[in-house]
Amino acid sequence: MRNIFFRNLVSPLTDIELIKNGFSIHKPFTWKRQIFYWNEINDVRFSSDNTQLILNTKRKIKTLNNDNIGWYELIQNIPENYSNFDYEYVKLFMKSLKACGVCGIIAVRKNECIVCETIAWNNGISDNQTEYLKSKQSDLYSDNLKEGIEIKKVAEPEHGFKADKNRKLYIKTTANKTYK
Ligand SMILES: [Zn+2]
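Residues numbered from 1 in each chain as written. Predicted model: local features only at pLDDT ≥ 70, side-chain atom pairs only at ≥ 80, totals over all residues. Heavy atoms only, no water.

Colleague: Please give an account of the overall build of the chain that cites residues and values.
Modeller: Along its length, the chain carries 4 helices and 9 strands. If you list the helices and strands of the chain from N to C, you get β-β-β-β-β-β-α-α-β-β-β-α-α. Projecting the C-alpha coordinates of the chain onto the three principal axes gives extents of approximately 55 × 35 × 25 Å. Buried residues in the chain amount to 38% of all 180 residues. At a minimum sequence separation of 6, the contacts of the chain that also span at least 24 residues come to 45%. (Helix = DSSP H or I, 4+ residues; strand = E, 2+ residues; numbered from the N terminus. Buried < 20%, exposed > 50% of the residue type's maximum accessible area, 1.4 Å probe, protein only. Contact = heavy atoms within 4.5 Å.)

Colleague: Explain the coordination of the zinc ion to me, using residue names and the numbers behind them.
Modeller: For the zinc ion, every protein donor is listed as Cys100 (SG), Cys103 (SG), Cys113 (SG) and Cys116 (SG), and the spread of their distances is 2.3 to 2.4 Å. Coordination at the zinc ion is tetrahedral: its 4 donor atoms span angles of 104 to 115° at the metal. Donor residues binding the zinc ion come from one chain and are separated in sequence as C-x2-C-x9-C-x2-C. For the pair formed by Cys113 and Cys116, the shared burial category is buried. (Donors = N, O, S within 2.8 Å, 3.2 Å for Na, K, Ca; no water. Tetrahedral: all angles 85-135°; square planar, octahedral: opposite > 155°, others 65-115°.)

Colleague: Before we move on, can you summarise the sheet that holds strand E3 (residues 34-37) with the specific residues and values?
Modeller: Ordered in space as E1-E2-E3, the 3 strands form an open sheet in which the pairing is antiparallel. Every other strand in the sheet has two partners, leaving strand E1 (15-19) and E3 as the edge strands with one partner each. Put simply, the sheet's adjacent strands are angled 20° from each other on average, direction ignored. (Pairing = 2+ DSSP bridges. Axes fitted to C-alpha atoms, helices over the stretch in contact; angles between N-to-C directions.)

Colleague: Outline the layout of surface pockets, supporting the account with residue identities and numerical values.
Modeller: Taken as a whole, the second largest pocket spans an internal volume of roughly 220 Å³. In terms of lining residues, the second largest pocket is bounded by 17 residues, among which Ala99, Gly101, Val108, Ala120 and Trp121 are the most central. Mapped by element, the contributors of at least two residues to the lining of the second largest pocket are strand E7 (98-99), strand E8 (106-109) and helix H3 (129-140). At 3 residues, H3 tops the list of elements feeding residues into the lining of the second largest pocket. Per-class residue counts for the lining of the second largest pocket are 9 nonpolar, 5 polar and 3 charged. (1 Å grid on protein atoms, 1.4 Å probe; cavity = no way out; pocket = protein on both sides within 12 Å on 5 of 7 lines; lining within 4 Å. Points joined across faces, edges and corners; volume = space filled by probe spheres on them. Nonpolar A, V, L, I, M, F, W, Y, C, P; charged D, E, K, R; others polar.)

Take a look at the structure:
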């Protein structure tokens, strides 16, 4: 369930997970997770456009892109002792996000949802907001519906993003039930 939201991302297959005192990275088509502990990392900073995290270990420089799964969770969990890391930027960025009417995650930035990649509704897109959200929700959850997996009525937090408990579903959550 949790990765369904990310299926449309450009390079969604690298997965970052927080572990005790560090994080692990799983790249597609490999068996092993790479493990990084904070005590091995000397420096953490953003790239100049803030789309990459640059980590210096004793051995190498590791770069993580913001379309890796879990990237936004990682940047919110950088230990507090890295003088080159812009903690304030992370706070302001997370605060600036708005709720997505389609997936229900608070991840809309500049009118596009980071999680489901839907363009947020506005007058320029269509007159009917409900119809727009309904059609985008049908697209997003089409696999669930096909496979008979129930769609949760209340959105749940995903990968460091909060959920909007008031997100409305305009589609059926199963073959039999309808929520209006
Ligand atoms: Zn969304």
